Amino acid sequence: MGLSLAKPPHTKRQGSLSFLVGSLGQGHSNGVSITAHGVNTPREETEMSSIPNMSALALAHDASSTESTRFSTSSRQPHEPDKGTGSLNSKLNWLRAAVLGANDGIISTAGIVMGVAGATVDRSSLLIAGLAGLAAGALSMAGGEYVSVSSQRDIEKTVMAKETAELRDFPDEELEELTGIYTEKGLSRGTARQVALELTAHDPLRAHAEAELGLDPDEYTNPWHAAFASMAAFTVGALVPLLAMVCSPTATRVYITITATIVGLFLTGLGSALASGSGKTRPVARNIIVGMCSMTITYLTGHLVGTRV
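About the criteria used
Starting from 1, residues in each chain are numbered consecutively following that chain's sequence as written. pLDDT decides what is reported in this predicted model: residues at 70 or higher carry local features, side-chain atom pairs at 80 or more are listed and counted, and totals for whole chains, interfaces and linings draw on all residues regardless. Excluding hydrogens and water, the side-chain values take into account all heavy atoms of the structure. Between 30 and 60 degrees the pair is tilted, below 30 it is stacked and above 60 it is edge-to-face, where a pair is any two Phe, Tyr or Trp rings, Trp via its six-membered ring, whose centres lie within 6.5 Å. A run of H or I in DSSP becomes a helix once it reaches four residues, and a run of E becomes a strand once it reaches two; helices and strands are each numbered from the N terminus. Relative accessibility thresholds used throughout: buried, under 20% of the residue-type maximum; exposed, over 50%; partly exposed, between the two (1.4 Å probe, protein chains only). Note on contacts: a residue pair is in contact if any heavy atoms of the two residues lie within 4.5 Å. A patch consists of residues whose relative accessible area exceeds 30% and which take part in no salt bridge; residues with like charges are grouped when within 9 Å of each other, and nonpolar side chains (Val, Leu, Ile, Met, Phe, Trp, Tyr) when within 5 Å. The accessible surface values rely on the Shrake-Rupley method and a 1.4 Å probe; as for residues, cover is taken only from the protein chains in view. We count a salt bridge whenever a side-chain nitrogen from Lys or Arg sits within 4 Å of a carboxyl oxygen from Asp or Glu. Helix axes are fitted to C-alpha atoms over the stretch in contact, other axes to C-alpha atoms as well, and angles between N-to-C directions run from 0 to 180 degrees. Here the angle decides the label: under 35 degrees means roughly parallel, over 145 means roughly antiparallel, 65 to 115 means roughly perpendicular, and every other value means oblique. If you view the pair so one helix is near and one far, a crossing is left-handed when the near helix is turned anticlockwise from the far one by less than a right angle, and right-handed when it is turned clockwise. Residue polarity is assigned by list, with Asp, Glu, Lys and Arg as charged and Ala, Val, Leu, Ile, Met, Phe, Trp, Tyr, Cys and Pro as nonpolar; anything else, Gly included, falls into the polar class. Residues enter a nonpolar core if they are buried and are Ala, Val, Leu, Ile, Met, Phe, Trp, Tyr or Cys, with the set joined through side-chain atoms within 4.5 Å.

So, on to the packing of aromatic side chains. Here the structure, examined in full by the defined rule, presents two aromatic pairs. Judged by centre distance (5.9 Å) and plane angle (25 degrees), the ring pair of Trp224 and Phe228 falls under stacked. Taken together, the residues span about one helical turn, with Trp224 and Phe228 both in helix 8 (residues 223-246) at a distance of four residues. Cluster of aromatic residues (ring-pair linked, three or more members): Tyr146, Trp224 and Phe228.

If you want it as structure tokens, here you go:
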């Protein structure tokens with residue numbers, strides 16, 4: 001046949017799109033195939049067949065995107081809301097008492113047994129001195145924490161009573177004061193006023209206590225928690241150098257006690273850092289340095305006194 005088919009003047013071939021019709025009625029003539037967009041030679045057919053199907057690529061991309069989204073969503077941890085000022089104060093209260101008690105127990109008892117060891121090698125003398133220091137220190141820590149935190153609790157109750165009276169006697173002034181607090185925090189005057197009004201309408205004492213005083217009116221610091229935490233922590237801490245000293249051979253008891261004390265101070269510093277969420281290096285180093293200085297001074301004191309008495 002003398003039929004010549006010319007290819008349409010398309011600049012971009014779209015033969016690989018999903019709406020290809022294929023060859024029209026198996027119309028191959030002289031090595032030429034007819035498509036919906038023109039005429040392709042066998043060479044062009046080969047090139048077109050090597051081009052990836054766009055719809056298949058799109059489906060694969062959607063599937064991978066869905067899988068990626070599902071994985072990232074499932075691996076994301078849910079956000080835990082803050083407990084509030086009161087719970088934070090309570091946590092800091094017992095944490096402070098426990099860390100202080102453990103550190104004091106380790107350092108003071110290590111200082112006592114190291115001081116006695118510098119003067120004598122008698123095991124019974126070391127045990128008596130260590131137990132006496134443990135009992136006195138634990139009771140002293142518990143009593144001191146109870147008195148200290150009780151005073152803090154009394155202050156909290158006093159300022160809360162004062163705030164209650166001011167809300168009763170000067171409600172407009174207190175509302176203006178609360179508005180000013182939120183304005184200083186960055187809110188516009190109108191927004192701060194609206195926030196103060198809504199919080200005051202819901203619970204005026206709580207609104208003013210948290211904004212002005214940083215207190216939770218439903219949760220005051222507990223002196224009993226601090227006392228028991230301090231006493232228990234002191235006892236556990238004191239047992240570390242005491243047992244290391246009285247249970248070790250005479251020739252190596254000092255070195256074993258120093259090692260046990262360093263390990264104990266490392267653990268208390270690490271526990272404090274983990275509980276507070278702060279860095280680990282500074283609390284641990286601080287604990288160990290203070291403990292080593294205490295043991296060194298008391299050992300030298302006991303040694304000097306023991307050699308002269």
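On to the environment of Ala117. In this structure, Ala117 sits in helix 3 (residues 85-119). Ala117 sits in the buried class, given a relative accessible area of 13%. When sequence neighbours within four positions are dropped, the list of residues in contact with Ala117 reads Leu126, Met245, Val254 and Tyr299.

Turning to a nonpolar patch on the surface, a few remarks are in order. Taken together, the side chains of Tyr146, Val147, Trp224 and Phe228 make up a nonpolar region of the molecular surface, amounting to roughly 440 Å² of accessible area. Among the secondary structure elements, those contributing two or more residues to the nonpolar patch are helix 4 (123-169) and helix 8. On the secondary structure map, Val147 appears in helix 4.

Another aspect to go through is the packing of helix 4 against helix 7 (residues 204-213). Running from amino to carboxyl end, helix 4 crosses helix 7 at an angle of 125 degrees, the nearest separation of the two axes being 10 Å. As summarised for this structure, helix 4 and helix 7 are arranged oblique, according to the angle between their axes. The element helix 4 and its partner helix 7 pack so that their crossing is right-handed. Contact residues: Val159, Met160, Glu163, Thr164 and Leu167 in helix 4; Pro204, Leu205, His208, Ala209, Glu212 and Leu213 in helix 7. For the contact of helix 4 with helix 7, the residue count by class is seven nonpolar, two polar and two charged.

Turning next to the pattern of salt bridges. Charged atoms that come close allow side chains of opposite charge to pair. Within this structure, the stated rule accounts for six salt bridges. When the shortest N-O distance is used, the salt bridge between Arg206 and Glu210 registers 3.3 Å. Of the two residues, Arg206 and Glu210 are both situated in helix 7; the distance of four residues between them amounts to about one turn of the helix. Residue classification places Arg206 among the partly exposed residues on the basis of a relative accessible area of 22%. On the accessibility criterion, Glu210 (39% relative accessible area) is partly exposed. Notably, a salt bridge pairs Asp216 with Arg206, separated by 3.1 Å at the nearest N-O pair. Taken as a pair, Asp216 in the loop between helix 7 and helix 8 and Arg206 in helix 7 lie far apart in primary sequence, ten residues in all. Taken together, the shared-partner salt bridges connect Asp203, Arg206, Glu210 and Asp216 into one network.

Here we come to the nonpolar core. Counting 15 residues, the largest nonpolar core has Met114, Ala117, Leu126, Phe234, Leu242 and Met245 as its most contacted members. Breaking this core down by element, the ones donating at least two residues are helix 3, helix 4 and helix 8. With five residues, the top contributor of residues to this core is helix 8. If we skip the residues at most four places from it in the chain, Phe234 touches Gly101, Ala102, Asp104, Gly105, Ser108, Gly133, Leu134, Gly137, Ala138 and Met141.

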